[in-house]
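Notes for the structure review
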Amino acid sequence: GAGVSQTPSNKVTEKGKYVELRCDPISGHTALYWYRQSLGQGPEFLIYFQGTGAADDSGLPNDRFFAVRPEGSVSTLKIQRTERGDSAVYLCASSLDRVSHEQYFGPGTRLTVT
Amino acid sequence: DQQVKQNSPSLSVQEGRISILNCDYTNSMFDYFLWYKKYPAEGPTFLISISSIKDKNEDGRFTVFLNKSAKHLSLHIVPSQPGDSAVYFCAAKETSGSRLTFGEGTQLTVNP
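Residues numbered from 1 in each chain as written. Chains lettered and ligands numbered in written order. Predicted model: local features only at pLDDT ≥ 70, side-chain atom pairs only at ≥ 80, totals over all residues. Heavy atoms only, no water.

Here the focus is the state of the cysteines. Counted according to the given criterion, the structure contains two disulfides over all chains. Through a disulfide, Cys 23 of chain A is tied to Cys 92 of chain A; the S-S separation comes to 1.8 Å. Across the S-S bond linking Cys 23 of chain A and Cys 92 of chain A, the dihedral sits near -65°, which makes this disulfide left-handed. Taken as a pair, Cys 23 of chain A in strand S3 (residues 19-24) and Cys 92 of chain A in strand S9 (residues 88-95) lie far apart in primary sequence, 69 residues in all. You'll find Cys 23 of chain A and Cys 92 of chain A in the same group, each marked buried. Between Cys 23 of chain B and Cys 90 of chain B runs a disulfide, and the two sulfur atoms are separated by 2.0 Å. One quick way to see it: the torsion about the S-S bond of Cys 23 of chain B and Cys 90 of chain B is about -70°, and its sign makes the bridge left-handed. With a gap of 67 residues between them, Cys 23 of chain B in strand S3 (residues 19-25) and Cys 90 of chain B in strand S9 (residues 86-93) connect regions that are remote in the sequence. One exposure class covers both Cys 23 of chain B and Cys 90 of chain B, and it is buried. (Disulfide = S-S within 2.5 Å. Helix = DSSP H or I, 4+ residues; strand = E, 2+ residues; numbered from the N terminus. Buried < 20%, exposed > 50% of the residue type's maximum accessible area, 1.4 Å probe, protein only.)

See the structure below:
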């Protein structure tokens, strides 16, 4: 009965490496969002999927960041050539559809780039 | 530019008293507002929301007030309980949009 799940819960990687973060939304939710939260800040929007397509990717900070949702359910956030400034908690959220305002968040993945 | 601001990083209240958390916004296109609660090592949990066509929404111990002319909203928790101790985030949304814009959060501590 599940809520939004995210794996891994923690990821430590070296600068320059590639990482993938996974999100499994609430079953039946068609809208999926990625946010990033830095220490002492609120979550910041990265990208929004409606179904399989990225409807709004304007929050992605640069082209090292990419996300996919090939079957309209699970999504993967991919970060290439990681930098220390990418260290943050990456949160995934889902909502029932594009008109539902309430978004339900997963526990997040804490990414540390050393 | 910070479109949603929570000016109090922390708030401490006694158990049984009222907690009032405040939030201000600058974007007049925002027309839906939400409050989330976050415990350490967990994701934000949806608490309560309000549409801009209302000025008050109540759910049990939680009430959100919206003052559109002042671009201000507040969350009232009464009576406060120790289990309410958490970080509270205010978030705003345009009806036509998808993203939530969050404030910086307020750490609420309810002392027994």
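Still more to cover.
Within the structure shown, the criterion is met by eight salt bridges over all chains. For Asp 56 of chain A, the salt bridge is made with Arg 99 of chain B, and the minimal N-O distance between the two is 3.3 Å. Within this pair, whereas Asp 56 of chain A is found in strand S6 (residues 53-56), its partner Arg 99 of chain B is found in the loop between S9 and strand S10 (101-102), the two belonging to separate chains. You can call Arg 99 of chain B partly exposed: its relative accessible area is 31%. (Salt bridge = Lys/Arg side-chain N within 4 Å of Asp/Glu carboxyl O.)

Residue and element names in this part refer to chain A. Sheet architecture is open: four strands sit in the order S1-S3-S8-S7, paired in antiparallel fashion. If you trace the sheet from one side to the other, it starts and ends with strand S1 (5-7) and strand S7 (65-68), each paired once. Strand-to-strand, the axes of this sheet are offset by a mean angle of 15°, without reference to chain direction. Sheet topology note: the S1/S3 ladder contains three bridges and is antiparallel. Bridge pairing links Ser 5 to Asp 24 in S3. (Pairing = 2+ DSSP bridges. Axes fitted to C-alpha atoms, helices over the stretch in contact; angles between N-to-C directions.)

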